[in-house]
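Letter by letter, the chains look like this.
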Amino acid sequence: MASARIVREDPNPVQVYAKASTAIEPGDMLWLNNDGYAEPARTFPWTTNLATTQANFHQRFLGISMDKRLASQTTPGLINVATRGRYRVLSSTDANARNVGTLYGPGKAAGNNLESQVCAVVGTANLAVGVLAKPKDANDAVVEIEVVSSILHRGVQNIITS
């Protein structure tokens, strides 16, 4: 699976400028930098450890890219970003975490980087970009999660109930 795919529901898309000379693929988790440009999760600054970085990413989570940008595009350009919806994404996590409502955030790539298209189970809503929306089998590498933008819709906390 090359990228996250929308399964259902309105993606509530917005147009945002993507940072110049930054490759973005459809399905990338995006964050909004301090200059107002969208960037893929893999470019997010690492801070202390994975949980701290995921918490910081959660606060800047914009949504899922619907468009492609090439690193060779040297000027900022508009891209469509899905700010809500249900997506199938790769998961790098615990086979036992298969209940609807399980929290998912960006996975950890090699070194001190986040994955742009791989999610992992997280322990608290302040680390999450979405929740498991369909039960998964223990061996599933792909999960279906409901994502919600922290920038436009105040994040996962809006969809979790006690």
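This write-up is about the structure you can find in this document. Going along each chain's sequence as written, the residues are numbered from 1 onward. Side-chain atom pairs in this predicted model are given and counted only at pLDDT of 80 or more, local residue features only at pLDDT of at least 70, and totals for whole chains, interfaces and linings cover all residues. Values shown for side chains rest on all heavy atoms present in the structure; no hydrogens or waters enter the calculation.

### Thoughts on the overall build of the protein chain
Put simply, the rule reads: Numbering goes from the N terminus for both helices and strands, where a helix is a DSSP run of H or I of at least four residues and a strand is a run of E of at least two. When accessible area is computed with a 1.4 Å probe and restricted to protein chains, residues below 20% of their type maximum are described as buried, those above 50% as exposed, and intermediate ones as partly exposed. We call two residues in contact whenever any of their non-hydrogen atoms come within 4.5 Å of each other. Every accessible area reported is derived by Shrake-Rupley at a probe size of 1.4 Å, with residue values counting cover from the shown protein chains alone.
Counting secondary structure elements, the protein chain contains two helices and eleven strands. Order of helices (α) and strands (β) in the protein chain, N terminus to C terminus: β-β-β-β-α-β-β-β-β-β-β-β-α. Looking at the protein chain residue by residue over its 162 residues, the buried ones come to 46%. In the protein chain, the share of contacts with a sequence separation of at least 24, taken over all contacts with a separation of at least 6, comes to 67%. A total of about 7,700 Å² of accessible surface is found on the protein chain, and carbon and sulfur atoms cover 48% of it.

### So, the pairing of strand β8 (residues 103-109)
Heads up, the condition is: DSSP-based pairing: two strands are paired if at least 2 bridges between them are found.
Across the seven residues that make up β8, a large majority, six, are buried. Where β8 meets strand β10 (residues 130-132), two bridges bridge the pair, whose relative direction is antiparallel. Across the sheet, leucine 103 pairs through a bridge with valine 131, a residue of β10. As defined by bridge partners, β8 adjoins strand β9 (residues 113-121) across five bridges and the pair is classed as antiparallel. Within the sheet, the bridge partner assigned to lysine 108 lies in β9 and is leucine 114. Hairpin connection of β8 to β9: three residues between the antiparallel strands, including glycine 111 at a positive phi of 70 degrees.

Keep in mind these values describe shape, not function.
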